[in-house]
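If you want the building blocks of each chain, they are given just below.
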Amino acid sequence: MGPQPSRGSLRTGDSTDGEIGLVEEKFVVTPWEVTGAVDYDRLIQQFGTQPINDQLAERLEKKLGAAAYLVRRRVFFSHRDLDLLLDEHSKGKGFFLYTGRGPSGPMHIGHIIQFYLTKYLQDTFGATVYIQITDDEKFLEEKRNLTYEDTQRWAEDNILDIAAVGFDPNRTFIFQDTKFIGHAYPMVLKIARRVNFSLAKSVFGFTGETNIGFSFYPAIQILPTFFEKRRCLIPSAMDQDPYWRIQRDIAKSMGYYKAAAIHSKFMPPLTGTKGKMSSSKPETAIYLSDDDRTVRNKINRYAFSGGQATMEEHRKKGGELDIDVAFQWLYMFFEPDDEKLADIVGAYTSGYMLTGDMKAILIQKLIAFLGEHRRLREKARGKVHEYEKDGTLAQDMWKRDFSKS
Ligand code: TRP
């Protein structure tokens, strides 16, 4: 059995409001589970992070160029010490970027957003980027039932999708845990000795049934935050934050900086606005490998619509944007142009635009995006060796003596 998410620290949303007798909707966010309709304001409170306020958003937007809309629209909505990191940067102090991927299956469009943000941050700030591929984590996560070979296959496959994003080959290190962690083992030990079981248990909900590999794993996901003696900025979905919380507890005693983080929301699954897309349920997601026909079929068949039941009703009342998954996807990633998005909002809520029209717009965007992705992915095949071992940063990493870190 896998770990049980703990109540209190990570499980949220199961309280009742006695005074007015409302039962709040239940949602769960842990590194292994995202279910229910996530209340992001409450998540910020529960996790003890900061919302990205207007002032910080504006500051960041100026630096982000084409990716500014991801912050403006609060797809990235929460952070730790991002303001501090920008202050330090304006005083000439550099930082580095760290993100990752658990290779449990094919990557879908929800997975790629954090890599795009990371790439834009690299382009803007000239920062080094470390990308951890956690084949170990996905092998240890028993409920996934993956064989070791499965995790190796998905690692190779996912690395190509990530390489397609176009990171700087001399400033980016992509590493697969089962291949690289042995090299960094001395430093993993220094981390592991500082995290006791009761902390790990309260943060991750480990139980007596949790396998011991899994209980050790947090040390490995924390490791890259100590790859440089500068502040680390981690773009990730909100569910990964528990690791950064532990990192921040031990950073000082390690002689390193507390990590800064920027957190994204979850792209809703096609089938409705609750939970997140799943690598193992094809109807909930568009995979980066889906062909044009699959995209059309999935969107037309499964995309949960905010349209009204009949045409007359729709013309009269208009569509509901909050629950319309096609719209949510355009908003979160596929329609960066604010004016075009505003036109869509106007046309849909007034009842002029129908569900089929909304889906057609999304289909066209998806097909264009995935076509380009396929092209870049093929081109990236020849670059993987640079990210993994031959680029400047990769070479440094393989040469480093981690017993001296
Ligand atoms: N645990 C993450 C996953 O399951 C993978 C990961 C490792 C990661 N390090 C990271 C994600 C840093 C974001 C940032 O997908």
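Note that the coordinates shown come from a computational prediction; the quantities given were computed from them, not determined experimentally. (Residues numbered from 1 in each chain as written. Predicted model: local features only at pLDDT ≥ 70, side-chain atom pairs only at ≥ 80, totals over all residues. Heavy atoms only, no water.)

Q: Go over the confidence of the model for the protein chain, please, and point to the residues and values.
A: In the predicted model, the protein chain carries a mean pLDDT of 92, and 94% of its residues have values of at least 70. Element-level mean pLDDT values for the protein chain span from 34 in strand 2 (residues 16–17) up to 99 in strand 9 (residues 129–133). Overall, residues 1–23 carries pLDDT values under 50, and its contacts beyond four positions in sequence, including any with other chains, amount to 51 contacts. (pLDDT = per-residue confidence, 0-100. Helix = DSSP H or I, 4+ residues; strand = E, 2+ residues; numbered from the N terminus. Contact = heavy atoms within 4.5 Å.)

Q: Could you give an account of unusual backbone geometry, with specific residues and numbers?
A: Glycine aside, the phi torsion of most residues is negative, and most peptide linkages are trans. Its identity is not glycine, yet R74 carries a phi of approximately 60 degrees, on the positive side. Take R74: it is sitting in the loop between helix 3 (68–72) and strand 7 (76–80). Judged by relative accessible area, R74 falls into the buried class, the value being 18%. The phi dihedral of N145 is positive, around 55 degrees, even though this residue is not glycine. Relative to the helices and strands, N145 is located in the loop between helix 6 (135–140) and helix 7 (148–163). Overall, the relative accessible area of 66% leaves N145 in the exposed class. (Buried < 20%, exposed > 50% of the residue type's maximum accessible area, 1.4 Å probe, protein only.)

Q: Please set out the site of the ligand residue by residue, giving values where relevant.
A: Taken together, 15 residues lie around the ligand, and Y98, E137, K138, Q221 and Q240 are the ones closest in. G102 is positioned with one of its backbone polar atoms (N or O) 3.0 Å from an oxygen atom of the ligand. At 2.9 Å, a side-chain N or O of Q221 approaches a nitrogen atom of the ligand. Looking at the shell around the ligand, the elements with two or more residues in it are strand 8 (95–101), helix 6 and strand 11 (231–237). (Near = heavy atom within 4 Å. Polar contact = N/O pair within 3.5 Å; in protein donor to acceptor, adjacent residues only side chain to side chain.)

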